[in-house]
Amino acid sequence: MKGQALLFISLLSLGSVIGQVSYTIPEEMTKGSFIGNIAQDLGLENKRLTSGKARIYTRDSDGYIELNRERGVLLVKERIDREALCRQTTPCALHFQIILENPMEFYSVTVQITDINDNAPTFEEGQIKFKISESAVIGAQFVLERAVDMDVGINDLQRYELKPTDNFALKLQTNADGNKNVEMVLQKPLDREKQEQISLVLTAVDGGEPQMSGTMLIVITVLDANDNAPVFTQPTYKATVHENSPKGTVVATVSASDADQGSNGKITYSITNTLDDVRKVFKINRENGEVTLIGNVDYEESRNFQINVRASDDGGLTDSCKLIVDVQDVNDNRPEINIMSKSNVIAEDAQLNTVVTMINIEDKDTGENGKVQCFISENVPFILKTSTTNFYSLVTDSELDRERLSECNITVTCSDEGVPSLSSSVTLTLQISDVNDNAPVFERSTYEAYIVENNTPGLSIFTVKARDADWNQNSRVSYILEDSSVNGVPVSSYVSVSADSGVIHAVRSFDYEQIKDFHFRVKAQDGGSPPLSSNVTVKVLIQDQNDNPPQVLYPVQTGGSLVAEMVPRSADVGYLVTKVVAVDVDSGQNAWLSYKLQKATDRALFEVGLQNGEIRTIRQVTDKDAVKQRLTVIVEDNGQPSRSATVIVNVAVADSFPEVLSEFTDFTQDKEYNDNLTFYLVLALAVVSFLFITCLVVIISVKIYRWRQSRVMFHSNLPVIPYYPPRYSDTLGTGTLQHVYNYEVCRTTDSRKSDCKFGIAGSQNVLIMDPSSTGTMQRIQSEKSILDEPDSPLEVRLL
């Protein structure tokens, strides 16, 4: 038989759906019987029941109903006996909830169980005996035991029948509570001498279809006259008792009196309840009518008891009364916390008011003792919201951050309002799952790395490090070199970055003289989806090495002509002969130059300034000093190890040009003669000894090297330091010498003296002697620097 369904649905602001569906089915349906199409009645699709993992939640231990998710129907799981389930309570119903997840929803379902006539009326005892005096008056009443029918409604007990009815008739008296007392009324006097024992049959019939009945045999022994029945002082007694009162507690005392004397006036008290468990909880003293507790009284099971008390004398006369015992509630039940549904994991980006747990609270006490308030522990990003009576939802109250709180232990405490208050609590552990919401963060805002030039490619320069506060894959950091250029060249041709470790490697060998520093950006990217990243600027500073020797700018070394500085014989001590000018393309202390006189024709005549390279006389020039002076000056830098260069300075000690010409002409002729001699000796030795040939090759190689060095000097892109002859300075006052002298020299044919006159600033007077000339002097005025004439013949500057 299919039940009829009534559907009520209401929506809540928490996002969970609450509805109510009611079905009605008869008891004793076979297992698997159809109850109703819950999916259709709730307006849900069957796949929603499957995807939402629909299940039945009930606080009862017995599962009578089962849910078929695929079909979306409710079925009978176990045979339902209404009498065992609800006894005499009507209506009898099963209450449970349908729980859905993703999102969380629940619906209340009520299945009402209707009664069928499956129980016949029964009497507790199959036989009852009475002793009735023959003097009993017409109309005397005798209370009979009531029959019990576990069914309800029309199927319950409807009527009684008494047979035979010669002496007695049946009377039913309805009490205020709706129960019927069955009494046997004497309607014809008894005569013990005619009939000492009478047997009657009492039949109880219900109203079911088909009708069912039960019988009890009544055996009456007729006694001699006892014409006064016991009488209670009041028809109804009332008493109260606290639940959980100890056994032996006196509840009340009933009292009856009998006008007879002797054994006919002796009263015996008894409890006649048969339907309930009254006789298991209370007992009455047969002598004095004192009612005491013999069992446990629980307000949550029974709030009141009705005790039917009978007073009987020895003559068989009886009277009855009712004792109504009200049970007073005591706060003896803690609130019960039932987890209907919960999530163990929640994402840290969950929206506000996301439901994570649904809770049902039940307190079996009543009144103030049953009022329950629930709260959760402080300092957690969750709150409890009540949806309906005794139903709570735990929802998010603020934004979650796994990096600050990865696991949350939430203690839910529920307390009633009884005195003293009772409480219970449950701890919920909730894992907060990670979301990629944190970008990698570098340990520094900028980095500076140093590397010495002339490094080997692949050398590790520096390590950048970034940390990501997320977890697992979201915190896995990869390093990427961002595209950029250095002097028009992609930065990837300079450095590379290890994706896993952040180690920066040099791709090429660096030259400090070409590039002193450069910067680039490194991006740190996590492994989340989508990935987050941050970048940092790395500046690489190249440190100088002493890898360049000093280069002499002046005096210029040429192979075709000789340049000589003239010193008059009248020169005083400290006379400035010339200045050696050199540069070092290195930097720092590697470019600090010092000048030393390595060799000299006369060491006692000249000295070189250690820092400025100025060549000065250290004594008075005399006539004994040779005209030709050859000085070898070594220029060293301050690097480790130091590098050096040498320069030869020719000095002419003379007062006139003819003397200079004659001396230096011999010098060039001697030089040519010595070169030819050396050449012939080399040829001769090459024929004689292979070893000498080897030495010759070395000598030639050295000469070639020196020649190339001089050519490189002239054509290099090194910064040009302007040269000013001794005692000269530029017109702007930026030169290295301390005075401005510009003069012309005139020489007579018969005198070693010369006349000097000051001329226009900026002109130069140069005496050029060609070794192949016949001694003719040429006077040249030039506005060009001597550095622009690398191939000039011997030049003698007059001082």
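Residues numbered from 1 in each chain as written. Predicted model: local features only at pLDDT ≥ 70, side-chain atom pairs only at ≥ 80, totals over all residues. Heavy atoms only, no water.

A tally of regular secondary structure across the protein chain gives 6 helices and 57 strands. Each of the 799 residues in the protein chain was classed as buried or not, and the buried ones make up 42%. Within the protein chain, contacts between residues at least 6 apart in sequence are counted, and of these 66% link residues at least 24 apart. For the protein chain, the accessible area works out to roughly 42400 Å², and carbon and sulfur atoms hold 49% of it. (Helix = DSSP H or I, 4+ residues; strand = E, 2+ residues; numbered from the N terminus. Buried < 20%, exposed > 50% of the residue type's maximum accessible area, 1.4 Å probe, protein only. Contact = heavy atoms within 4.5 Å. Areas by Shrake-Rupley, 256 points an atom, 1.4 Å probe, with all protein chains shown as cover.)

To continue, consider the layout of surface pockets. Taken as a whole, the second largest pocket holds about 1100 Å³ of empty space. If you trace the second largest pocket, you find 45 residues lining it, with Val143, Thr272, Arg310, Ser312 and Thr318 closest to the centre. Those elements that place two or more of their residues in the lining of the second largest pocket are strand S9 (127–133), strand S10 (141–143), strand S13 (180–186), strand S20 (267–271), strand S23 (304–313) and strand S24 (318–328). The residue inventory of the lining of the second largest pocket, partitioned by class, reads 15 nonpolar, 16 polar and 14 charged. (1 Å grid on protein atoms, 1.4 Å probe; cavity = no way out; pocket = protein on both sides within 12 Å on 5 of 7 lines; lining within 4 Å. Points joined across faces, edges and corners; volume = space filled by probe spheres on them. Nonpolar A, V, L, I, M, F, W, Y, C, P; charged D, E, K, R; others polar.)

All told, the structure shown has 12 aromatic pairs when counted by the stated rule. Between Phe130 and Phe142, the aromatic rings sit 6.1 Å apart at their centres with planes inclined by 70°, giving edge-to-face as the arrangement. One end of the pair, Phe130, is in strand S9; the other, Phe142, is in strand S10, and 12 residues separate them in sequence. Each of the two residues, Phe130 as well as Phe142, counts as buried. Consider the rings of Phe442 and Tyr447, whose centres lie 6.3 Å apart with planes at 75°: the pair is edge-to-face. Note on accessibility: Phe442 and Tyr447 belong to one class, buried. Members of the aromatic cluster, joined through ring pairs, are Tyr494, Phe510, Phe518 and Phe520. (Phe/Tyr/Trp six-rings, centres within 6.5 Å; stacked < 30°, edge-to-face > 60°.)

Considering the arrangement of structural elements, one finds Glu368 in the loop between strand S27 (355–362) and strand S28 (372–376). Since its relative accessible area comes to 42%, Glu368 is described here as partly exposed. In this structure, the C-alpha to C-alpha distance between Glu368 and Gly418, residues 50 residues apart in sequence, is 5.7 Å. If sequence neighbours within four positions are ignored, Glu368 has contacts with Glu417 and Gly418.

What follows deals with the sheet that holds strand S11 (residues 157–163). Pairing within the open sheet is mixed, and its 4 strands lie in the order S9-S15-S14-S11. Taken across any chain shown, the strands that pair with only one partner, and hence form the sheet edges, are S9 and S11. Averaged over all adjacent pairs, the angle separating strand axes in this sheet is 25°, with direction ignored. Pairing of S11 with strand S14 (residues 197–206), which is carried by 6 bridges, proceeds in the antiparallel orientation. Residue pairing across strands places Arg159 opposite Val205, the latter belonging to S14. (Pairing = 2+ DSSP bridges. Axes fitted to C-alpha atoms, helices over the stretch in contact; angles between N-to-C directions.)

Considering all chains together, one arrives at 2 disulfides under this definition. Paired by a disulfide, Cys86 and Cys92 hold their sulfur atoms 1.8 Å apart. Because the torsion about its S-S bond is 65°, the bridge between Cys86 and Cys92 counts as right-handed. No difference in accessibility class separates Cys86 from Cys92, as the two residues are buried. Each sulfur of the disulfide joining Cys374 and Cys414 lies 2.1 Å from the other. The sign of the S-S torsion, about 110°, decides the handedness of the disulfide formed by Cys374 and Cys414: right-handed. Separated by 40 residues along the polypeptide, Cys374 in strand S28 and Cys414 in strand S31 (residues 407–416) bring together distant segments of the chain. We classify Cys414 as buried; its relative accessible area is 0%. Should the bonded cysteines of the protein chain be numbered as they appear in the sequence, the pairing reads 1-2, 3-4. (Disulfide = S-S within 2.5 Å.)

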